[in-house]
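Structural features, examined
Spelled out, the chains give:
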Amino acid sequence: MAVEDVVDSGLVGARVPRLEDPRLLVGRGQYLDDMVVPGMLEAAVLRSPFAHARIVSIDASAARELPGVFDVLVGEDLVDLVEPQPVIYRLLPDQPENPVRALAVDRVRWVGQPVAAVVATDRYVAEDALALIDVDYDPLPVVPDLAAALAADAPKLYDELDSNVVGSMGFGEGDVDGAIAGAAAVVRERLRLARIAGLPLETRGCIASWDRYTDALDVWLSTQSPNLARDLLGETLRIPIHRIRVRVPDVGGGFGNKFDFYGEEIVAAILSRRTGRPVKLIEDRIESFTATSQSRDVEIDVTIAAADDGAILALRADVVCVLGGAMGTVGVGPAWLTTTMLTGPYRIPAVDVRLTGVLTNRAPMGSYRGWGQPEANFVYERMVELVARELKLDRNAVRRRNFPAPDDFPFPTGVVFTYDSGRYDDCLDLCLDRIAERGWAARQEQARAEGRSVGIGYSFHVEATAFGPSRILNLVGLQHSGFDEAVVRMDSTGRVTAFTGQAPMGQGIETALTQITAQTMGVPLEDVTVEWGDTTSCPYTGYGTGASRGAAMGGGTLMRAAEQLVSKLKRIAAHMLEAAPEDLDVADGKISVRGVPGRSISYAEIGRAAYRRLLDGMPEDEDATLEARYVFDPENLAWSYGCTGALVEVDRETGVTRILDYVVAHDCGTVINPTIVDGQIHGGAAQGIGEALYEELVYDDQAQLTTTTFADYLLPTFGELPRFSLAHQSTPAPHIPGGMKGMGEAGTIGAPAAVANAVDDALADLGVTIAAVPITPPRLLAAIRSAGAG
Ligand code: MCN
């Protein structure tokens, strides 16, 4: 069903100001640290200062004696009480079990790994007590990076494993060797994306309250996935989940980091059980840098072969993912998606791609906006431009040569996925038209005439959204579901409450879901409330929010539930109005008989009849309440796409790259709220530009993280970012109610390749090839020098 088929009040597609903003902007948000629970204590975590060491002993006696300290927890205390930290993505065929626990037991494997925890009257006392815990470490040889991990005599992170390689898997079809042998152009590169961090403004945190009389655990958690967190709390703590309630306050940014599940949740729960008091545990900024899941950190050896007309014949790639000292919740998930999306928007007849995960003494890897897709995009979009360069063809002509046509959808990529719909040529045109309007070619020509190095870069991306069908998730080894459930309820006054398993984290989904519900129910926005973030009252959504699924999955499911409720309302109205349900129209909070002016009944009247069981109102065979529930497990993901253009200037003396202008053309099917979609692309592109030019978590040769403040880890600020120019087209997803596709990661995915391609273009006369991001000034100067211009 397309959006036009439901009540068209114009709410879907309208630039409705975000309903949550008035509350948040005047400081009335309730973030985790704003919450105070009676009797609450505060905890702090002692973290390993070593990247690799044996724990010989821990003496916490002095800490226990400090006035104000209630309890101290060490790894040994948890061994018999809790399970190791869960890894729910079992993607590698021979993936080892995760032996890592919330607190390290006899060995630490990364700087920042939790070793002990103190709970006290407040955070200050808890931190003072941490300083009194005496841990005797016996340092072990450190594996700081990929080369060290793969060396013949590399120290092993786990004695029980054969090496630091935790698994390898491949996908492919067609004769890659044959295609390479017969190709007009064969380009080989080793590409690298540095390790970076999601860095939500609000760091991670939770409050756990274990009631010893009811044996129930109440958790407030800054999370994207309340139901998943409840499941994992239950499994890890070995308690039945009907005794666990997870609630989500306002979340000040999640960016995927808060999809993952961490040991601190377990520590807080156990400390609460032991003390009988609620326990708050919030990480500080340094902990956020060192202990929240990190991402990217992949190296890809890639070969691409093309015919002389630019037709891509084959792709071979080896993706090596630099894991940390343990598997995070999502295992090698992001690198798996990198590997399986390496064909991007192109038809490539022969493909051979391989993924390998390698353990190092760095922090565990996990989820961050884009989840493997900026990496894939960097590979296929760098390689397409290099092929064009080699064949002396226009870059976008090569893109077009390899796009599937609109009639080719559903389009199987040859590696796991089938794209549902797309008009890639149109989207590229949209981007190029906008760039032409903004006069980039003339600006570049003029700059070059003035001796300035200005370049234009493009990147065309495909985005996996609405993750996803449980069938596909399970098939590839994800141990959770991909459906959504929604409940819509009308009260006795005709007002509507929509219950969702989605959890807002700043992306505006509350507003979008209100728009969808109001439009489908035929009521004004102010008559709808969206309830989220409580495992007791909200529906089960095993996935929660992430992978840009809020609009398509959350919205599509709510739309169907609301349609069901409208059907019931029509049946009741038909009885009251003595008309046939199919002759009724819904609008403005009332149901009218089509073509009979004045013959209508309001939702309030129906509500009153339904809840008070007024005999003259209700049909006898209808049950009392006005509520509908819908479960939606889609047949496919929804595949968004977009084209990014970047105009950059490079200073050859300093190696500094500046973005002069930036265009994104985009297609996410039916747009619920264009203002939110624009804002999402702005924010995503800001993060993607950070990844392209500035951001890097730097580990030294002892695997000490040297970038633990915003003075060392550079984020782009308003001053570095361009004014974004956005253009949209709409190709609705045929299999999603309403036709929405997600887009929350689009801006992040396209940026690194577009910026790198633009820098290449700016330095085309030198033949510089950007092989790694971030393109920091020292890195770029080195590339310029090695190209012979220094
Ligand atoms: N939207 C729309 N119409 C569409 C698609 C999206 O109006 N066809 C709007 C929706 O209103 C929704 C927003 O765009 O509020 C993003 O929708 P969607 O793409 O479905 O993504 P999710 O709601 O699932 O949000 C998650 C996504 C991801 S995966 C990350 S990571 C992310 C992101 O969105 N983290 C964010 N955006 C973020 N924005 C903020 N401010 N903070 C984060 O932590």
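Residues numbered from 1 in each chain as written. Predicted model: local features only at pLDDT ≥ 70, side-chain atom pairs only at ≥ 80, totals over all residues.

You'll find the protein chain entered in an unreviewed UniProt entry as Aldehyde oxidase and xanthine dehydrogenase molybdopterin binding protein, with Conexibacter woesei given as the organism. Of the protein chain, the UniProt comment under Cofactor (unreviewed entry) reads exactly: "Mo-molybdopterin cytosine dinucleotide". (UniProt positions renumbered as here; feature names shortened; annotations may be inferred.)

1. Thoughts on the overall build of the protein chain
What the protein chain contains, in helices and strands, is 21 helices and 29 strands. Principal-axis analysis of the C-alpha atoms places the extent of the protein chain at approximately 90 × 75 × 50 Å. Every one of the 790 residues in the protein chain was classed for burial, and the buried ones make up 56%. Across the protein chain, every contact between residues at least 6 apart in sequence was considered, and the portion connecting residues at least 24 apart equals 80%. (Helix = DSSP H or I, 4+ residues; strand = E, 2+ residues; numbered from the N terminus. Buried ≥ 20, exposed ≤ 12 C-beta atoms within 10 Å, placed from the backbone. Contact = placed C-beta atoms within 7 Å.)

2. Brief notes about the environment of Asp633
Turning to its location among the elements, Asp633 is positioned in the loop between strand 25 (626-632) and strand 26 (638-650). For Asp633 and Gly482, which are 151 residues apart along the polypeptide, the C-alpha to C-alpha distance reads 6.5 Å.

3. Some remarks on the UniProt feature "domain: Aldehyde oxidase/xanthine dehydrogenase a/b hammerhead" (unreviewed entry) in the protein chain
Annotation from UniProt places "domain: Aldehyde oxidase/xanthine dehydrogenase a/b hammerhead" (unreviewed entry) at residues 26-141. A distance of 51 Å separates the end C-alpha atoms of residues 26-141, which is 16% helix and 30% strand.

4. Observations regarding the sheet that holds strand 8 (residues 185-197)
Backbone-to-backbone hydrogen bonds join strands into a sheet, with any given pair of strands oriented parallel or antiparallel. Spatially, 7-15-14-13-8-29 is the arrangement adopted by the six strands of the open sheet, whose pairing is mixed. Taken across any chain shown, the strands that pair with only one partner, and hence form the sheet edges, are strand 7 (165-173) and strand 29 (772-773). Strand direction decides the pairing type here: strand 8 and strand 29, joined by two bridges, are parallel. The partner of Arg192 across the bridge, within strand 29, is Ala772. Relative to strand 15 (residues 350-359), helix 10 (residues 333-340) is tilted by about 165 degrees, and along the sheet it contacts strand 7, strand 13 (294-306), strand 14 (312-323) and strand 15. (Pairing = 2+ DSSP bridges. Axes fitted to C-alpha atoms, helices over the stretch in contact; angles between N-to-C directions.)

5. As for the domain arrangement of the protein chain
Here the domain parsing of the protein chain yields domain 1 (3-29 + 483-632) and domain 2 (403-464 + 637-786). Taken together, the contact between domain 1 and domain 2 spans 21 residues of the former and 22 residues of the latter. Secondary structure elements with two or more residues in the side of domain 1 that touches domain 2: helix 16 (509-521) and helix 17 (550-577). Classifying every residue of the side of domain 1 that touches domain 2 by side-chain character gives nine nonpolar, eight polar and four charged. (Domains from an automatic or database assignment. Nonpolar A, V, L, I, M, F, W, Y, C, P; charged D, E, K, R; others polar.)

6. Description of the site of the ligand
Close to the ligand lie 37 residues; Gly506, Ala512, Gly550, Gly742 and Gly744 are nearest. Within the residue set of the shell around the ligand, elements represented by two or more residues are helix 16, helix 17 and helix 19 (674-693). Counting residues per element, the shell around the ligand draws most heavily on helix 19, which supplies four residues. The residue makeup of the shell around the ligand, split by class, is 15 nonpolar, 18 polar and four charged. Composition of the shell around the ligand by domain shows at least three residues from each of domain 1 (3-29 + 483-632) and domain 2 (403-464 + 637-786). (Near = placed C-beta within 6 Å.)

7. Topic: the packing of helix 11 (residues 373-391) against helix 12 (residues 395-402)
Where helix 11 contacts helix 12, the two axes come as close as 8 Å, and the packing angle between them is 115 degrees. With respect to their mutual orientation, helix 11 and helix 12 come out roughly perpendicular. Judged by the sense of rotation from one axis to the other, the crossing of helix 11 with helix 12 is right-handed. On helix 12, the residues that touch Val384, Glu385, Val387 and Ala388 of helix 11 are Arg395, Val398 and Arg399. (Parallel < 35°, antiparallel > 145°, perpendicular 65-115°, else oblique. Left-handed = near helix turned anticlockwise from the far one by under 90°.)

8. Points about the sheet that holds strand 18 (residues 453-465)
Pairing within the open sheet is mixed, and its four strands lie in the order 18-26-27-28. Across the chains shown, the open sheet's two edge strands, defined by having one partner strand only, are strand 18 and strand 28 (724-729). On average, adjacent strands in this sheet sit at an angle of 15 degrees to one another, irrespective of strand direction. Here helix 14 (residues 440-449) sits on the sheet and contacts strand 18, strand 26 and strand 27 (657-667); the angle it forms with strand 18, its principal contact strand, is near 145 degrees.

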